[in-house]
Amino acid sequence: MQRRACVLAILATGIMAGPASAYTAYVSNEKDNTMTVVDTATMQVVKTVDVGQRPRGITISHDGKFIYLCASDDNTIQIIDTATLQVVGTLPSGDDPELFVLSPDGKTLYVANENDNLVTAIEVDSKEVRTEIPVGVEPEGMAVSPDGKTMINTSETTSMAHFIDTESHEVTDNVLVDTRPRFAAFKPDGSQIWVTAEVGGTVSVIDNAKRQVVKKIRFAIPGLRAETIQPVGIAISADGKKAYVALGPANHVAVINTESYEVEKYILVGQRVWHLDFTPDHKTLITTNGNSNDITFIDTATDEPVQSVTVGQQPWGVAISPQ
């Protein structure tokens, strides 16, 4: 109770501050098949939109005109017009799409198909499957290098990060990480890939040139059992100096110095924090908290929570408009 009261006090005092710029955040709610639209300036829900079954992965086209949303139980990816918030099309995703990543040029969407053990490459303009790439068992985490040449997929059961050449669509390297890798993120300069292991409780830092793990980061939060600390989503700051890691049922986000690999802070957010995303100015980080049915705004200057906002049931993914 004392810890919760402290967080509520912090959130209450931060309400007046708010983010400096206005963007729109889109949150996929896995349980009630909706997408919540949130104004980041007012930190208020603008609209709730009905979408496909079990929405999870969500991203936005680079021009901000379309949202791509994994409707996992419908085995499809919905295309939503950001101006009208209407579904205007679909992309052929394969079985059980969960996470995806859009290429830097915006032309290709790479999708993890968990039940098929495949990564599907889809041409966005033609809405056609370009190729299917066999990977490990239960693929989930997806990342693409800043230069667009290398794509990463993590397979939960195989416990590997697969390096895929985006030109040949061949798996070139496999790097063993800890149990149940859920997410991958490149540093902005492309030098490293950070991979979370939910059951292993670690983050593996992989050198992109050597294709080797160079550091494993572990977490310890006073008063919490080790098994409750389950790393999932990652967001790395634009300058590459800080990595934010969602720790699942530990209800915290870890702030990591990417040079020293030390955890500088644990931020208390909502229950079972899943994923997170920056506003384009990187002044605010938004987390999705699956069990408390809310999102939390974090001020990245202070690394303090500002406010939590109730959304739909079991919020999973979040994507923020580029302008």
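The rules behind the values
By convention here, each chain's residues receive numbers from 1 onward along its written sequence. Confidence filtering applies because this is a predicted model: local features only for residues at pLDDT of at least 70, side-chain atom pairs given and counted only at 80 or more, and all residues used for totals across whole chains, interfaces and linings. Neither water nor hydrogens contribute to the side-chain values; these are computed over all heavy atoms in the structure. Here a strand is any run of E in DSSP of at least two residues, a helix any run of H or I of at least four, and the numbering for each starts at the N terminus. Computation of the radius of gyration draws on C-alpha atoms, with the globule rule given as 2.2 Å multiplied by the number of residues to the power 0.38. Classification of residues uses two cut-offs on accessible area relative to the type maximum, computed with a 1.4 Å probe and protein chains only: under 20% is buried, over 50% is exposed, and between them is partly exposed. Criterion used throughout: strands pair if DSSP finds at least two bridges between them. Axis definition: a line fit to C-alpha positions, over the contact stretch in the case of helices; interaxial angles, taken between N-to-C directions, run 0 to 180 degrees. Note on terminology: a nonpolar core comprises buried Ala, Val, Leu, Ile, Met, Phe, Trp, Tyr and Cys residues joined through side-chain atoms within 4.5 Å. Counted as salt bridges are all cases of a side-chain nitrogen of Lys or Arg within 4 Å of a carboxyl oxygen of Asp or Glu. Contact criterion: two residues are considered in contact whenever any of their non-hydrogen atoms come within 4.5 Å of each other. Each residue gets a pLDDT score, which is the predictor's confidence in that residue and runs from 0 to 100.

The name given to the protein in an unreviewed UniProt entry is PQQ-dependent catabolism-associated beta-propeller protein, with the source organism recorded as Mesorhizobium album.

Can you help me understand the overall build of the protein in this one?
The number of helices and strands found in the protein is 1 helix and 28 strands. At 18 Å, the protein has a C-alpha radius of gyration in line with the 20 Å of a compact globule built from 323 residues. Taking the principal axes of its C-alpha atoms as reference, the protein extends roughly 55 × 45 × 30 Å. Within the protein, the fraction of its 323 residues that count as buried is 58%.

What's the story with the sheet that holds strand S16 (residues 181–186) in this structure? I'm lost.
Adjacent strands of a sheet form backbone hydrogen bonds with each other and so pair up, either parallel or antiparallel. Sheet architecture is open: 4 strands sit in the order S16-S17-S18-S19, paired in antiparallel fashion. With partners counted over all chains shown, the strands left at the sheet margins are S16 and strand S19 (212–218), one partner each. Direction aside, the axes of adjacent strands within the sheet are offset by 20° on average.

Can you walk me through the nonpolar core in this structure?
Soluble globular proteins: nonpolar side chains tend toward being buried together. Within the largest apolar cluster, 45 residues are counted, with the highest numbers of intra-cluster contacts made by Trp194 and Phe219. Judged by nonpolar contacts, the second largest core, of 13 residues, contains Ile295, Phe297, Val306 and Val318.

Would you take a moment to explain the pattern of salt bridges for this structure?
Should the charged atoms of two oppositely charged side chains come close, the side chains can pair. On inspection of all chains with the given rule, the structure shows 14 salt bridges. The closest approach of N and O atoms between lysine 216 and aspartate 178, which form a salt bridge, is 2.7 Å. Of this pair, lysine 216 sits in strand S19 while aspartate 178 sits in the loop between strand S15 (171–176) and S16; the two residues are 38 residues apart in sequence, bridging distant segments of the chain. Given the relative accessible area of 30%, lysine 216 is considered partly exposed. The shortest N-O distance in the salt bridge between glutamate 198 and arginine 180 comes to 3.4 Å. Here the residue glutamate 198 occupies a position in the loop between strand S17 (192–197) and strand S18 (202–207), and arginine 180 occupies one in the loop between S15 and S16, the gap between them amounting to 18 residues. On the basis of relative accessible area, glutamate 198 is assigned to the buried category, the value being 3%.

What am I meant to see in the side chain of serine 155 here?
With respect to the helices and strands, the residue serine 155 is situated in strand S13 (residues 150–155). Using a relative accessible area of 0% as the deciding quantity, one classes serine 155 as buried. Ignoring anything within four residues of it in the chain, the contact list for serine 155 reads Gly136, Val137, Glu138, Pro139, Met160, His162 and Pro181.

What should I look at first to understand the confidence of the model for the protein in this one?
Any region with low pLDDT has predicted coordinates that should not be read closely. Of all residues in the protein, 94% have pLDDT values of 70 or greater, and the mean over the chain is 93. Note that residues 1–20 has pLDDT below 50 and, in this model, 24 contacts with residues that lie over four places away or in other chains.

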